[in-house]
Each structure stands twice: as structure tokens, then as C-alpha cells.
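# Reading the structure
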Amino acid sequence: MEAVLLVHGDREYVRQPGEELQTDLGVLDVPEDVRHGDELETHLGERFVAQKLRGPDLFEHFERTGAPMMPRDAGLVMGHTGAGGGDRVLDAGTGTGVLAAYLARAGAEVTTYETDPAFADVARENMALGGVDDRVDVRTGDVTEQLDELVEEGPFDVLTLDTGDSAAVVERAPELLTSGGFVAVYSPFVESVRETVEAARDGLTEIRTFETIQRRMDVSDRGTRPSTAGVGHTGYLTFARKE
Ligand SMILES: C[S@@+](CC[C@H](N)C(=O)[O-])C[C@H]1O[C@@H](n2cnc3c(N)ncnc32)[C@H](O)[C@@H]1O
């Protein structure tokens, strides 16, 4: 049994079966045989529901290191590349591992690189929490220094890149990808989009960049309109394909 989401009103915690949850609501022992939908009581009589952990919970509950990809951007990556069951995905950098875990939960086998050893350790723990440690190989190292070996290890169906030096990997994408495979690059700043696109023009096709904007709607008694709180922009996503 994988980790469960423990929900009490608008409060949520993630624990593995057999673990203890201690909060101001009391101490809760999560049974080894906990099932989704079980109601569990703390020693103070407060009730939690044990829910199944799903993709968006990874973003909320993984321990954070590198800025994690938001669920909407993970959705765009998966929608535009079709990444899913049976695919081999090369991902960098791992960071918190949100994108890697989304891809693995969709059935892909993910090899992901993280330069920072401490971040890589946290990502391995996050993969275990997300129940995908058997499908995500978190490797400590700089992906740009492993490209010759990765070309040998490939081909990959999809490359997902979220680092400042993604263009260096995109330059080698024609060698890393299988025919019909996609590269997806997340860029927080528009300046790196140009670098990525110029690298992709040398050997890839179907090059497209999207600004990702999402507006939450507020639905109230007064009326319905886009929320005035928060920022709708997260970054830019560039996709390209190998013929
Ligand atoms: C923005 S985070 C990635 C977040 C990740 N996509 C997620 O969904 O959680 C970028 C990470 O890439 C790592 N990184 C930067 N350059 C790298 C490289 N050349 N090879 C491997 N990792 C790299 C950084 O240490 C950082 O943790």
C-alpha cells in the first residue's frame, strides 16, 4: 500500500501506512492495512479520511528543493508530447521531482538527472512517497556531461528539460530521441526560449513555443470573473520533434 492523503476539513497530510501523524488535533496511527475512504480518529476523537494520493497532491506535499513544475505545466508537457505508458523519458533537472513523478504515474520509465546531491536525495524520497521509485531512476550529476553515454543508452521517446542549460541538451536531441519523439523545454524567462528554439532548428521539426497562462475564476454571489489574486503566468514551454 502506498502513502495516503489524510484529510480533515481543509487540512491535509501525507503518511505511509504504519506511520504516525501528530498535530494539534491529536495523535493518529495510520494502520498498516489502511484503505482508501477509511475514517480514522486521533486520540482526541478528531476524524480524518484516508484518501488516495493523486498527481496534484505531489505538488502540494513533496518536500521542495528546485522550484517544482505546476500541475498545469506538467499537464501541457504530457498533452503536447503524449508521454505515457511504455515511454522512455529523459528528464533534467529533477529538482523536487514533480514532473518526473507525474510522468511515471502515467506509466513512463523516467531517467532524471540532478546536479545537487542533496536535492537528488530528497527527490528519491519524494519518488518513494509518490509510489513511483520503481519507475524513476534519479541520477546525481550534470546531464550535459553525460550526453555521449545517454546517446548510447537511448533512444528516448521524450526529453523533458527544466534547467538553465537546456539548449545544450536540445542540440543533441536528434541523437537522443527516437523518430517521432518529442523534446519539451520549460523556460522561466523568454530570453532562454530563443536559445532553445535556435538549438532545436538544427535537426528538429514542429518547433512551437507557448506562454503558459492560467486564470482561476472566482464564482461568488456578486458574479463570476477571473480572480484578481495571484499571477497567471508561470513560464514558456517549447516543444520540438524528431522526424
Ligand atoms: C526548476 S528545478 C526542476 C523542477 C522539476 N521539473 C520539478 O517538476 O520538480 C531545476 C533543477 O535542475 C537542476 N539542474 C540545473 N542544471 C542542471 C544540469 N545541467 N543537470 C542536472 N540538473 C540540473 C537544479 O539543481 C534544480 O534542482
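Chains are numbered independently. Their residues run from 1 in the order of the written sequence. Per-residue local features of the predicted model are confined to residues with pLDDT of at least 70, and side-chain atom pairs are confined, for both listing and counting, to 80 or more; whole-chain, interface and lining totals are unaffected and use all residues. Side-chain measures here rest on the full set of heavy atoms in the structure, leaving out hydrogens and waters.

A word on helix H2 (residues 71–81). Using a 1.4 Å probe on the protein chains alone, a residue whose accessible area is under 20% of its type maximum counts as buried, one over 50% counts as exposed, and one in between counts as partly exposed. Only DSSP runs of H or I with at least four residues qualify as helices, and only runs of E with at least two residues qualify as strands; both kinds are numbered from the N terminus onward. Considered for burial, the residues of H2 that qualify are Arg72, Asp73, Ala74, Val77, Met78 and Thr81. Residue contacts are defined here by distance: any two heavy atoms, one from each residue, within 4.5 Å place the two residues in contact. Contacts from the buried residues of H2 go to helix H3 (98–105), strand E10 (156–161), strand E11 (177–187), strand E12 (205–213) and strand E15 (233–241). Of the residues flanking the end of H2, it is glycine 82, one or two places downstream, whose phi is positive at about 70°.

Think of it this way: one heavy atom of a residue within 4 Å of a molecule or strand is enough to make that residue near it. The environment of the ligand is formed by 21 residues, the closest being Leu99, Glu114, Asp142, Asp162 and Asp165. Nitrogen and oxygen atoms within 3.5 Å of one another constitute a polar contact, given that in protein one can donate a hydrogen and the other can accept it, and given that sequence-neighbouring residues count only through two side-chain atoms. A distance of 3.0 Å separates an oxygen atom of the ligand from a polar atom in the backbone of leucine 99. Contacts to the ligand include aspartate 162, whose side-chain N or O atom sits 2.9 Å from a nitrogen atom. Protein contact buries 86% of the 610 Å² of open area that the ligand shows by itself. Broken down by secondary-structure element, the contributors of at least two residues to the shell around the ligand are H3 and strand E8 (109–114). Looking at side-chain class alone, the shell around the ligand contains eight nonpolar, nine polar and four charged residues. To be clear on the numbers: accessible area is Shrake-Rupley with a 1.4 Å probe, and residue cover counts the displayed protein chains and nothing else. Under the convention adopted here, Pro, Cys and the residues Ala, Val, Leu, Ile, Met, Phe, Trp and Tyr are nonpolar, Asp, Glu, Lys and Arg are charged, and Gly plus all remaining residues are polar.

Our next topic: the pairing of strand E4 (residues 26–29). Pairing between strands is defined by DSSP: at least two bridges between the two strands are required. Across four bridges, strand E3 (residues 20–23) lies against E4 in antiparallel orientation. Residue pairing for E4: threonine 23 is matched across the bridge by glycine 26. The hairpin formed by E3 and E4 contains two residues between the paired strands.

The next subject is the domain arrangement of the protein. With domains assigned, the protein is organised as domain 1 (4–53) and domain 2 (57–241). Segmentation into domains, and thus their bounds, comes from an automatic or database assignment. Each of domain 1 and domain 2 has a C-alpha centre, and these two points are 32 Å apart. With seven residues of domain 1 in contact, the opposing surface of domain 2 contributes seven residues. Both faces considered, domain 1 and domain 2 share a buried interface measuring about 580 Å² in area, 56% of it formed by carbon and sulfur atoms. Only one rule defines a salt bridge in this text: a Lys or Arg side-chain nitrogen within 4 Å of an Asp or Glu carboxyl oxygen. Along the contact surface separating domain 1 from domain 2 lie zero salt bridges. Taken together, the residues of the side of domain 1 that touches domain 2 sort by class into four nonpolar, one polar and two charged. Defined in terms of a 1.4 Å probe, buried area is the accessible area two parts forfeit on being brought together, summed over both.

Before going further, it helps to spend a moment on the pattern of salt bridges. Evaluated as defined, the whole model comprises 13 salt bridges. The partner of glutamate 39 in a salt bridge is arginine 47, and the shortest N-O contact between them spans 3.1 Å. Note on arginine 47: relative accessible area 49%, which makes it partly exposed. Close ionic contact of aspartate 148 with arginine 172 constitutes a salt bridge, the shortest N to O distance being 3.0 Å. In this pair, aspartate 148 is assigned in helix H5 (residues 147–153) and arginine 172 in the loop between helix H6 (166–170) and helix H7 (173–176), connecting sequence segments 24 residues apart. When salt bridges with common partners are traced through the structure, they connect Glu39, Glu41 and Arg47 into a single cluster.

Here threonine 224 shows up in strand E14 (residues 224–226). According to the relative accessible area criterion, threonine 224 is exposed, its value standing at 52%. Sequence-distant contacts of threonine 224, that is, excluding residues within four places in its chain, are made with Met217, Asp218 and Val219.

One open sheet holds the seven strands; their spatial order is E9-E8-E7-E10-E11-E15-E12, and the pairing between them is mixed. Of all the strands in the sheet, the pair left with one neighbour each is strand E9 (136–140) and E12. The sheet shows a mean angle of 15° between the axes of neighbouring strands, direction not considered. Relative to E15, E12 is paired through seven bridges, and the arrangement is antiparallel. Lines fitted to the C-alpha atoms define the axes, with helices restricted to the stretch that makes contact. Angles between their N-to-C directions range from 0 to 180 degrees.

What follows is about the environment of arginine 216. Take arginine 216: it is sitting in the loop between E12 and strand E13 (217–219). Judged by relative accessible area, arginine 216 falls into the exposed class, the value being 68%. If near-sequence neighbours (up to four positions away) are discounted, arginine 216 is found in contact with Arg225, Pro226 and Ser227.

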